[in-house]
Amino acid sequence: LKLSTQLHFSFLSCNNASTEHISILHLCYELVSVSHADAIKNQPEETTKTMSQVRFWTDQLKKAHMVRYGQLGQNLEVVRAILKHTRLILRNSDGWFLAENKFI
């Protein structure tokens, strides 16, 4: 997560809405989600910290998608649909073939 976070801040400064950056954001979100699920089971006192991390990465994903998809990014439901779509394509080895719409 530390390395991915550093990559995120690098992309944020130069190419906020690139495909690579969105892929890193999905990775970070998945990593903190696993950490949060683990905290719920094993360390309940840590859930406040891990939940704030989940919120942070969710917000970063949303912002990058809103920048990338312009007017489409103004509608929260569309942003959610695009988030699911890009996650399917970028986080699965056969994601391109699983996607109904062939765009990134």
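Described below are features of the structure shown in this document. Here the structure is a predicted model, which means the values were calculated and not measured.

Bringing the nonpolar core into the picture now. Core analysis: the biggest nonpolar cluster contains eleven residues, these being Ile22, Ile24, Leu25, Cys28, Val32, Val54, Trp57, Leu61, Ala64, Val79 and Leu83. Among the elements of the structure, helix 2 (19-42), helix 3 (47-68) and helix 4 (76-90) are those that each provide at least two residues to this core.

Further remarks concern the layout of surface pockets. Estimated volume of the largest pocket: approximately 310 Å³. Looking at the largest pocket, it is lined by 13 residues, and the ones nearest its centre are Tyr29, Thr58, Leu61, Arg80 and Leu83. Ranked by the residues each element gives to the lining of the largest pocket, the list is headed by helix 4, at six residues.

What follows concerns helix 3. The end-to-end C-alpha distance of helix 3 is 31 Å, a good match for the 32 Å that 22 residues give at a rise of 1.5 Å each. For helix 3, the set of buried residues is Thr50, Val54, Trp57, Gln60, Leu61, Ala64 and His65. Summarising the axial view, the buried residues of helix 3 lie within an arc of 130 degrees, below the 170-degree limit, and thus occupy one face. Facing away from the buried side of helix 3 by over 90 degrees, the exposed positions are Thr48, Lys49, Arg55 and Val67. As for helix 3, its buried residues are in contact with helix 1 (2-14), helix 2 and helix 4.

Rules used throughout
Residues numbered from 1 in each chain as written. Predicted model: local features only at pLDDT ≥ 70, side-chain atom pairs only at ≥ 80, totals over all residues. Heavy atoms only, no water. Core = buried A, V, L, I, M, F, W, Y, C linked by side-chain atoms within 4.5 Å. Buried < 20%, exposed > 50% of the residue type's maximum accessible area, 1.4 Å probe, protein only. Helix = DSSP H or I, 4+ residues; strand = E, 2+ residues; numbered from the N terminus. 1 Å grid on protein atoms, 1.4 Å probe; cavity = no way out; pocket = protein on both sides within 12 Å on 5 of 7 lines; lining within 4 Å. Points joined across faces, edges and corners; volume = space filled by probe spheres on them. Expected span 1.5 Å × (residues − 1). Arc of directions from axis to C-beta. Contact = heavy atoms within 4.5 Å.

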